[in-house]
Amino acid sequence: MTFDRRQFLQSGAAAVVALLGQGCALSGSASSSVLGFTSVPATLRDAVTVPRGYVAQVLYPWGSPTGVAGAMPAFARDASNSAAEQAVQAGMHHDGMHFFPLGSSGDRGLLVMNHEYTDEQLLHTDGVTQWTAEKVRKSLHAMGVSVIEIERRPEGWRQVLPSPYARRVHGNTAMRIAGPAAGSPRLRTAANPTGDQVFGTFANCAIGVTPWGTYLTCEENFHGYFGGPKEAAARIDAAQRRYGIVPGSQWAEYWRFDERFDITKHPNESNRFGWVVEIDPFDPTAAPVKRTALGRKRQESATCTTTKGGRVAVYMGDDARFEYIYKFVSREKIRQGTDAASRAANRTLLDDGTLYVARYDEGGRGRWLELAHGKNGIDAAAGFASPADVLVHARLAGDVVGGTKMDRPEWIAVHPQSGEVYVTLTNNSQRGTPSRPPVDAANPRAVNIFGGILRWREDGNDAGATSFDWDHFALAGDPALHDAETRYPSKDADAFGSPDGLHFDSGGLLWIQTDISGQDIGKGAMTALGNNQMLCADVATGRIKRFLVGPNGCEITGCTSTPDRRTLFVNIQHPGERRDDGTGEPSSAWPDGTVPGTVRPRSATVVVQRVDGGFVGT
Ligand code: FEO
Ligand code: CA
Ligand code: CA
Ligand code: CA
């Protein structure tokens with residue numbers, strides 16, 4: 001009854017690391033030492049920096065042909081590619097990503113990745129002082145998902161061009177809506193009175209991979225693309241406001257040229273975004289499907305694992321200040337396997353199940369609270385007319401049951417052996433302000449500028465459980481600072497802030513990626529942290545080492561390894577985002593040049609390998 005819970009959580013992971021070490025020794029493969037590389041210093045260099053003994057190569061920057069046969073337009077450096085060309089080229093702002101092997105050699109696979117958002121100044125030759133219908137189409141085509149085929153050759157990993165798998169899913173791709181909210185009144189529009197078909201996915205941030213080998217893309221900041229005349233803001237209802245959908249506050253002027261983005265004319269169109277979308281990467285003819293059973297939010301992560309009963313559990317965050325962490329558990333069991341027959345047998349598994357929101361209590365215990373119509377006070381009196389309403393307005397249902405309002409939940413990763421679940425809470429500067437929720441056990445900093453990583457272990461080690469133990473794996477910051485709000489409490493961790501991307505490789509190394517906002521990089525309390533970066537953690541000891549630093553202005557996000565752990569793919573998003581004061585020029589020339597302002601910086605995937613071919617991160 002009195003055992004130390006932190007020790008309990010860590011001893012599980014320690015046992016796993018010991019086991020892995022043994023496995024490697026038995027197989028006689030590369031060294032199994034953990035974090036054997038030399039930390040990369042924090043730096044403001046406009047380059048990708050990796051440890052000595054490693055190399056990083058650029059693969060698939062924005063504008064590269066995706067590889068669709070007969071449609072492989074080259075990137076035009078002056079951004080003069082048309083909207084139609086952009087629809088068969090790499091999108092902008094690469095984000096979550098996964099490597100799906102093809103065959104058993106490990107030398108071929110599909111790399112599937114998200115394109116989160118657009119920088120309109122870079123995307124169009126003359127920017128967007130004047131929006132046009134063509135620019136709206138190009139912008140929509142620059143978001144979504146890429147499926148590319150890649151292979152390992154003597155000179156490194158290369159795209160296969162053309163490839164029968166090559167595909168772009170973007171903001172105008174026809175797709176289905178499935179699950180309990182499909183067809184409900186809130187999803188019906190003039191263009192689709194049956195509420196079950198929609199054009200496009202965009203704002204695609206974090207990801208998930210199902211046990212049956214499909215890709216889940218998460219629609220995060222969808223609200224920014226719906227707009228209208230600002231005089232209409234007063235007429236917007238509370239639910240739309242809670243999701244940030246307010247005319248006059250839009251980020252892009254789509255609504256002026258594509259009527260479905262005008263909230264005042266088509267208020268339900270925005271209800272058809274903010275979902276997890278399932279894509280079969282192996283079948284380029286299969287329509288993507290929006291899975292409404294998982295709830296609507298600013299979707300971050302759809303991290304899958306298997307319950308003891310053989311069901312799929314999906315962990316999800318909602319990246320906004322004071323929003324929730326969710327879990328979905330399917331009603332039916334998974335049919336094992338990742339072949340076409342298994343993918344077909346599991347094609348409705350994400351349409352029926354139970355949705356929960358997390359509550360993190362004092363004392364390191366927590367509960368999953370069910371979000372179901374007619375339970376826990378979620379009923380017509382509370383404003384939910386139907387089960388569909390609960391899913392479309394999952395945030396409001398989370399309020400009713402009393403979920404814990406978190407410091408911006410970003411990515412979620414499940415330890416491949418222990419089953420412990422880790423989530424990045426990227427930052428929150430508003431908890432200490434009047435009229436905002438106060439600090440709590442899970443979110444203990446009033447001005448949380450550095451963020452942190454929280455973790456939990458489900459009771460009985462079963463992802464289907466409804467209660468769990470939790471603790472903080474890391475409250476990020478700088479070990480050299482002295483204030484409890486900003487100091488990293490361990491001397492064994494390199495300084496970092498705003499953790500965002502999170503990935504466990506199959507060996508149990510935890511890869512942490514950061515997203516300090518462009519205007520804060522290299523300034524104030526962030527001075528010693530340098531550009532955004534990727535670190536590697538040994539969760540058994542809490543040791544964290546800086547592995548990679550990105551070019552100026554970028555975020556590092558998206559991480560996946562080959563099954564042999566000898567190649568790591570990492571996305572560099574929005575290099576050059578911060579404009580130099582006064583000039584309006586990008587702050588980076590990466591990857592095509594060396595002088596900012598002379599070339600358009602481009603988001604791109606980088607391939608990281610050890611020169612000696614060993615396991616990455618060991
Ligand atoms: Fe797109 Fe919350 O990161
Ligand atoms: Ca993110
Ligand atoms: Ca972020
Ligand atoms: Ca960012």
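If you're wondering where the values come from, they're calculated on a predicted model, not measured in any experiment.

### A short note on the coordination of the calcium ion (ligand 2)
No. 1: Within the protein, the atoms that donate to the calcium ion (ligand 2) are Glu410 (OE), Asp500 (OD) and Asp500 (OD), at distances of 2.4 to 2.7 Å.
No. 2: A separation of 3.8 Å is found between the calcium ion (ligand 2) and the calcium ion (ligand 3), both of which receive a donor from Glu410. Residue Glu410 is located in strand S20 (residues 409-414), and its partner Asp500 is located in strand S24 (residues 499-504); the two are separated by 90 residues in the primary sequence.
No. 3: Glu410 gets classed as buried once you look at its relative accessible area, which sits at 2%.

### Let's talk about the pattern of salt bridges
No. 1: Taken as a whole and judged by the stated rule, the model has 39 salt bridges.
No. 2: The partner of Asp280 in a salt bridge is Arg343, with the nearest N and O atoms 3.1 Å apart. Note that Asp280 is positioned in the loop between strand S11 (276-279) and strand S12 (289-291) and Arg343 in helix H6 (residues 340-345), a separation of 63 residues in sequence.
No. 3: On the accessibility criterion, Asp280 (18% relative accessible area) is buried.
No. 4: Judged by relative accessible area, which is 14%, Arg343 ranks as buried.
No. 5: A salt bridge links Arg565 to Asp505, with the nearest nitrogen and oxygen atoms 4.0 Å apart. With Arg565 in the loop between strand S28 (555-561) and strand S29 (567-573) and Asp505 in the loop between S24 and strand S25 (510-514), this residue pair connects regions lying 60 residues apart in the sequence. Like Arg565, the residue Asp505 is buried in the burial classification.
No. 6: Overlapping salt bridges, with partners in common, bring together Arg242, Asp318, Glu323, Arg395, Asp399 and Lys405 in one network.

### Section: helix H4 (residues 133-141)
The periodicity of an α-helix, 3.6 residues per turn, causes residues three or four places apart in sequence to face the same way.
No. 1: Turning to H4, its buried residues number three or more, namely Lys135, Val136, Lys138, Ser139, Leu140 and His141.
No. 2: On its buried face, H4 is in contact with helix H2 (83-86), helix H3 (120-123) and strand S6 (167-169).

Reading the values: the criteria
- Residues numbered from 1 in each chain as written.
- Chains lettered and ligands numbered in written order.
- Predicted model: local features only at pLDDT ≥ 70, side-chain atom pairs only at ≥ 80, totals over all residues.
- Heavy atoms only, no water.
- Donors = N, O, S within 2.8 Å, 3.2 Å for Na, K, Ca; no water.
- Helix = DSSP H or I, 4+ residues; strand = E, 2+ residues; numbered from the N terminus.
- Buried < 20%, exposed > 50% of the residue type's maximum accessible area, 1.4 Å probe, protein only.
- Salt bridge = Lys/Arg side-chain N within 4 Å of Asp/Glu carboxyl O.
- Contact = heavy atoms within 4.5 Å.

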